[in-house]
Amino acid sequence: MSDGRSIRVALAGQPNVGKSTVFNLLTGLSQHVGNWPGKTVERKEGVYSHNGTEVHIVDLPGTYSLTANSAEEVIARDHIIRERPDVVVVVINASSVERNLYLVAELLPLPSPVIVAVNMMDVAAQHGVQIEPDVLEAALGVPVVPMIATKNQGIHELVQAIDNLVQDGTQYEPKKPEIRDDHRALLEELNELVVGYVPSPYPSDWVSLKLLEGDVEIMEMMENRLPEDVWDRVYAILMEHEDAVVAVAGGRYEWIGRMTRAALVRPGVGQVTITERMDRWATHPVWGLLVLACILGLVFWLTYSVGAPLQGLLETYVVAGGAEIATRALGNAPSWLSSLVVDGVIGGAGTVVTFIPILVIFFAFMGLLEDVGYMARAGYVMDRFMHLMGLHGKSFIPLYLGFGCNVPAVMGTRVIESRRGRLLTIMLVPLVPCTARMMVLAFITPLFFGAAAPLVAWSLVGLSLTVLAVSGVLINRVAFGGERAAFIMELPLYHVPNWRTIGILIWQRSLAFFKRAGTVILVVSVVLWVLSALPTGEIETSFLAGVGRLLAPLGSLLGLSWQMMVALLTSFIAKENAVASLGVLYGAGGEAGLAQILPEILTPAAALSYLVVQMLFVPCVATVATVFQESNSWKWTLFILVFLLAVSFGLGIVIYQVASFVT
Amino acid sequence: MRRVRRRGVRGDRDLPLAPGRLSELNAGEQAIIEGCDAGHMLVSRLSALGFTPDAPVTMVQNFGYGPVIVSVRDTRIALGRGEAAKIRVRRTSGGR
């Protein structure tokens, strides 16, 4: 479907082949990131020009095969079958050719012509693997282009190969994999039964092969289309040969073996590679934990030594400066407008702006670890502990990031491959105490507990984490049937990171955050400002205060006044606001004043219950917005809100009643 | 070093090609895959990754607890202990 002016290309590949680097090279910043319709899987597309032709590229999700086992695989194969791109470029990793070609074996029977890009030739060479692209091309019958995407090598050849294939496809004669002899008759029998009922655009022989493999989606599709007696016969055949999936996979690998026999040279036995050497430490049950602890410590150090000062600078110059300018500019405007802009809008936007340094540091950290190949090792080392909570080892790092800020932590759950694991982790991130919550903790505990303050503070952190672990087990059992997805994880070879790839990743993630969470924060800030100003202009008699008073009965169970309830509500914007709101509500004028007043109006038991609720309470609106964005589900976002409300208030009440009984 | 449990076979401990489970291999030992005793989805995933009958596999790391690391078709793959126990193998090297 090309008219000489514009063509469509799909980019496929298994994970860890450098597909995104290739995509970035081809499309640069023209790429547009979104979601596949109705799914939470990321969709990237971009465009480049060559010889007057506009080439539109879609980056398909990285998949090991094209079964129906995961949403990513279904998306990838549906795109090729339904959209019929002009070319499918499969990126493979030169150091795992044999396994990577499995995807090629699945792609060749599909309607679009294939080009194989052999990437990471340098990494292969480092590990003693040699591959001959020309020999592979002769064997496969499809264009094979060697590349080192991280060094910009091979990209022109790839662009040219795409162009050549589209201009003149007559030379394209792929040697497609054929089913093993012992199952050939079976496949033909299936084919005869279903041909004629297969809906276009699905290729009939591909459908028969998928049926033989026991593909759930295709089976469902054909069950609906075949007349009952025909389906019964098909089903009987499939039930009798349930192990055919192994035969089909085995057959593909036999084909791969023949294709690579001449083209591939492996390292001699006994040669120890860099990856093996590094993994002796990184995956060791004891040393691996140490390595991980050091890396995590480094991140935290970076966040506090670089990130916090930057936040302070932004706060002073950008936010406060902006407020100053606005106040002056609106000098003649009515005071409510000035307050709306300065306190509401700029206050809200300011929160978003101060997120920037922390976000960038975290995204850079995650991008770097993933690119280098270490992320998988971290997941491996932590899996022993994570699986006790029904989580995957890879859940650890996003949860850990939650200590800094819940927002990048939720976004970081993308490294988790299974949807179930990702959802469960997203639900648990808000229970990790972030720095904002710790700040409130650090402010209030000394006022009530004197020398015991650090003990109380750490106990509360411990409480949060215990609740996290217990909630994990509970939610897993109730919502997911208690089991977790099988632990199968590739450990890719280590290689030098590509800064361009990481840079683009940081840019995209930060942009996504601002667009989604940024708007939500702004809107909620303004709404809260409105509620606190109307109808009288004084916060004590505003709607917000009215809501606080409504909640007073609940508050009394916790030993909290309506002012404290209002503070809880405003902490929805940002946890730090709790302190500021209390200051305003009690007319305390600043933290020092508040430090004096609070001990007079609260008992230690009440302070304790307030802190418990604060720690476990609904997370800040930025986190909620991100949870919604990453889970793509109203149901789950609502669930976590209700769950946290129940847990925080429930525990708060219990602790208050017990504590005040004791004291 | 750990001894492989052989089902129903007593006596001679030096049987070279004794069958067993992937989770029983020690680091450095090699084997050939015979099959997977698992549900359809797991079998399908493992097969796609290269765990097919007659494929050679090497145990890279196995500390007796926690997930193992194996090398199959030039790739290092970490497997949960439960998953590794479902894969039947035939040892081709290594001793007791």
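The structure presented is a predicted model; accordingly, all values stated were derived computationally and were not measured.

**Student:** I'd like a description of the overall build of chain B, backed by residues and values.
**Tutor:** If you tally the helices and strands in chain B, you get two helices and six strands. The order of α-helices and β-strands along chain B, N terminus first, is β-β-α-β-β-β-α-β. Buried positions account for 47% of the 96 residues belonging to chain B. Considering only residue pairs separated by 6 or more positions, chain B has 59% of its internal contacts joining residues 24 or more positions apart.

**Student:** Tell me about the interface of chain A and chain B, and please be specific about residues and values.
**Tutor:** Taken together, the contact pairs 26 residues of chain A with 27 residues of chain B. Broken down by secondary-structure element, the contributors of at least two residues to the side of chain A that touches chain B are helix 3 (97-107), helix 11 (244-260), helix 15 (374-386) and strand 10 (488-491) of chain A. With five residues, the top contributor of residues to the side of chain A that touches chain B is helix 11 of chain A. Tallied by class, the residues present in the side of chain A that touches chain B amount to 13 nonpolar, eight polar and five charged. The pairing of strand 10 of chain A with strand 5 (residues 75-79) of chain B spans four bridges and is antiparallel. Across the sheet, residue Ile 488 of chain A finds its bridge partner in strand 5 of chain B, namely Leu 79 of chain B.

**Student:** Give me the sheet that holds strand 3 (residues 42-50) of chain A: which residues, what numbers.
**Tutor:** Neighbouring strands of a sheet are bound in pairs by backbone hydrogen bonds; such pairs are parallel or else antiparallel. Residue and element names in this part refer to chain A. Spatial strand order, 2-3-4-1-5-6-8: seven strands in an open sheet with mixed pairing. Strands with a single pairing partner mark the edges of an open sheet, and in this sheet they are strand 2 (32-35) and strand 8 (144-146). When the angles between neighbouring strand axes are averaged without regard to direction, this sheet yields 25°. Two strands pair when backbone bridges link them, and strand 5 (residues 87-93) and strand 6 (residues 114-119) are joined in this way by six bridges, in the parallel orientation. Counted as the bridge partner of Val 90 is Val 116 from strand 6. Its contacts with the sheet place helix 1 (residues 19-27) against strand 1 (6-13), strand 3, strand 4 (53-59), strand 5 and strand 6, and it is angled at close to 45° to strand 3.

**Student:** If you had to explain unusual backbone geometry to someone new, which residues and values would you point to?
**Tutor:** A cis amide bond links Ser 200 of chain A with the next residue in sequence, Pro 201 of chain A, at an omega value of 5°. The residue Pro 201 of chain A is located in the loop between helix 7 (181-194) and helix 8 (204-212) in this model. The backbone of Asn 16 of chain A shows a phi angle near 65°, a positive value even though the residue is not glycine. Positioned with a positive phi, Asp 74 of chain B is a non-glycine residue whose angle comes to about 65°. Counting through the fold element by element, Asp 74 of chain B comes out in the loop between strand 4 (68-72) and strand 5.

**Student:** Give a detailed account of the environment of Arg 252 of chain A, specifying residues and quantitative values.
**Tutor:** Residue and element names in this part refer to chain A. Positionally, Arg 252 belongs in helix 11. Along the sequence, Arg 252 and Ile 601 sit 349 residues apart, while their C-alpha atoms lie 74 Å from each other. Setting aside residues up to four positions removed in sequence, Arg 252 forms contacts with Tyr 102, Ala 105 and Pro 177.

**Student:** So, the environment of Thr 570 of chain A: which residues are in play, and what are the values?
**Tutor:** Here Thr 570 of chain A lies in helix 24 (residues 562-570). Each C-alpha atom, one on Thr 570 of chain A and one on Trp 507 of chain A, is 30 Å from the other, the two residues being 63 residues apart in sequence.

**Student:** Give a detailed account of the sheet that holds strand 6 (residues 87-91) of chain B, specifying residues and quantitative values.
**Tutor:** In spatial order, the strands read 10(A)-5(B)-4(B)-3(B)-2(B)-6(B)-1(B); together these seven strands make up an open sheet with antiparallel pairing. Edge strands, defined here as strands with exactly one partner in the open sheet, are strand 10 of chain A together with strand 1 (19-21) of chain B. Ignoring strand direction, the axes of neighbouring strands in this sheet form an average angle of 40°. Where strand 2 (residues 30-36) of chain B meets strand 6 of chain B, five bridges bridge the pair, whose relative direction is antiparallel. Residue pairing for strand 6 of chain B: Gly 35 of chain B is matched across the bridge by Arg 88 of chain B. Where helix 1 (residues 40-49) of chain B meets the sheet, its contacts fall on strand 10 of chain A together with strand 2 and strand 5 of chain B, and the angle it forms with strand 2 of chain B comes to roughly 145°.

**Student:** So what's going on with the domain arrangement of chain A? Residues and values would help.
**Tutor:** Residues and elements named next belong to chain A. Under the domain assignment used here, chain A contains domain 1 (6-167), domain 2 (181-265), domain 3 (282-440 + 481-511) and domain 4 (522-662). The C-alpha centroid of domain 2 is placed 25 Å from the C-alpha centroid of domain 1. The interface of domain 1 with domain 2 comprises 21 residues on the first partner and 16 residues on the second. Listed by contribution, the elements that provide at least two residues to the side of domain 1 that touches domain 2 are helix 2 (71-83), helix 3, strand 7 (130-131) and helix 5 (133-140). When grouped by side-chain class, the residues that make up the side of domain 1 that touches domain 2 number 15 nonpolar, two polar and four charged.

**Student:** Could you give me a rundown of helix 18 (residues 419-428) of chain A, with the residues and numbers involved?
**Tutor:** An α-helical turn contains 3.6 residues, so any two residues separated by three or four positions project in the same direction. Residues and elements named next belong to chain A. Among the ten residues that make up helix 18, eight are buried, leaving the element largely enclosed by the rest of the structure. Turning to helix 18, its buried residues number three or more, namely Gly 421, Arg 422, Leu 423, Leu 424, Thr 425, Ile 426, Met 427 and Leu 428. Residues of helix 18 that are buried sit in contact with helix 16 (396-401), helix 17 (406-411), helix 20 (453-480), helix 28 (621-631) and helix 29 (634-662).

**Student:** Any chance you could break down the confidence of the model for chain B for me, citing the residues and the numbers?
**Tutor:** All names here are of chain B. Per-residue confidence for chain B averages 82 on the pLDDT scale, and 78% of its residues sit at or above 70. Taken element by element, chain B is modelled with least confidence in strand 1, mean pLDDT 85, and with most confidence in strand 4, mean pLDDT 94. Predicted confidence for residues 1-15 stays below pLDDT 50, and this span has ten contacts to residues more than four positions away or in other chains.

**Student:** Give a detailed account of the packing of helix 7 of chain A against helix 10 (residues 228-240) of chain A, specifying residues and quantitative values.
**Tutor:** All names here are of chain A. As a packed pair, helix 7 and helix 10 sit with axes 10 Å apart at the nearest point and diverge in direction by 165°. What the angle tells us is that helix 7 and helix 10 run roughly antiparallel. Considering how the two elements wind past one another, helix 7 and helix 10 form a crossing that is left-handed. Seen from helix 7, the contacting residues are Leu 186, Glu 189, Leu 190, Leu 193 and Val 194; seen from helix 10, they are Val 230, Arg 233, Val 234 and Ile 237. Its residues placed into classes, the contact of helix 7 with helix 10 shows seven nonpolar, no polar and two charged.

**Student:** Which residues make up the pairing of strand 3 (residues 56-61) of chain B, and what values do they have?
**Tutor:** Residues and elements named next belong to chain B. As defined by bridge partners, strand 2 adjoins strand 3 across three bridges and the pair is classed as antiparallel. Following the sheet pairing, Ala 31 is matched in strand 3 by Val 57. Two strands pair when backbone bridges link them, and strand 3 and strand 4 are joined in this way by four bridges, in the antiparallel orientation. By the bridge assignment for strand 4, Val 57 is matched with Val 72. Counted along the chain from strand 3 to the antiparallel partner strand 4, the turn is six residues long, and its residue Gly 64 has a positive phi close to 90°.

**Student:** I'd like to hear about the nonpolar core, residue by residue, with values.
**Tutor:** If you look at the biggest cluster of nonpolar residues, it comprises 208 residues, and the most contacted ones within it are Leu 11, Val 89, Val 90, Ile 115, Val 116 and Ala 117 of chain A. If we ignore the near neighbours within four places in the chain, the residues touching Val 89 of chain A are Val 9, Leu 11, Ile 115, Ala 117, Leu 158 and Ile 162 of chain A.

**Student:** How would you explain the pairing of strand 4 of chain B if you had to name every residue and give the values?
**Tutor:** Residues and elements named next belong to chain B. With four of its five residues buried, strand 4 lies for the most part within the structure. When strand 4 meets strand 5, the two strands line up antiparallel, connected through five bridges. When the sheet's bridge partners are listed, Val 70 is paired in strand 5 with Ile 77. Connecting strand 4 to the next strand, strand 5, in antiparallel fashion are two residues, including Arg 73 with a positive phi near 50°.

What counts as what
- Residues numbered from 1 in each chain as written.
- Chains lettered and ligands numbered in written order.
- Predicted model: local features only at pLDDT ≥ 70, side-chain atom pairs only at ≥ 80, totals over all residues.
- Helix = DSSP H or I, 4+ residues; strand = E, 2+ residues; numbered from the N terminus.
- Buried ≥ 20, exposed ≤ 12 C-beta atoms within 10 Å, placed from the backbone.
- Contact = placed C-beta atoms within 7 Å.
- Nonpolar A, V, L, I, M, F, W, Y, C, P; charged D, E, K, R; others polar.
- Pairing = 2+ DSSP bridges.
- Axes fitted to C-alpha atoms, helices over the stretch in contact; angles between N-to-C directions.
- Domains from an automatic or database assignment.
- pLDDT = per-residue confidence, 0-100.
- Parallel < 35°, antiparallel > 145°, perpendicular 65-115°, else oblique.
- Left-handed = near helix turned anticlockwise from the far one by under 90°.
- Core = buried A, V, L, I, M, F, W, Y, C linked by C-beta atoms within 7 Å.

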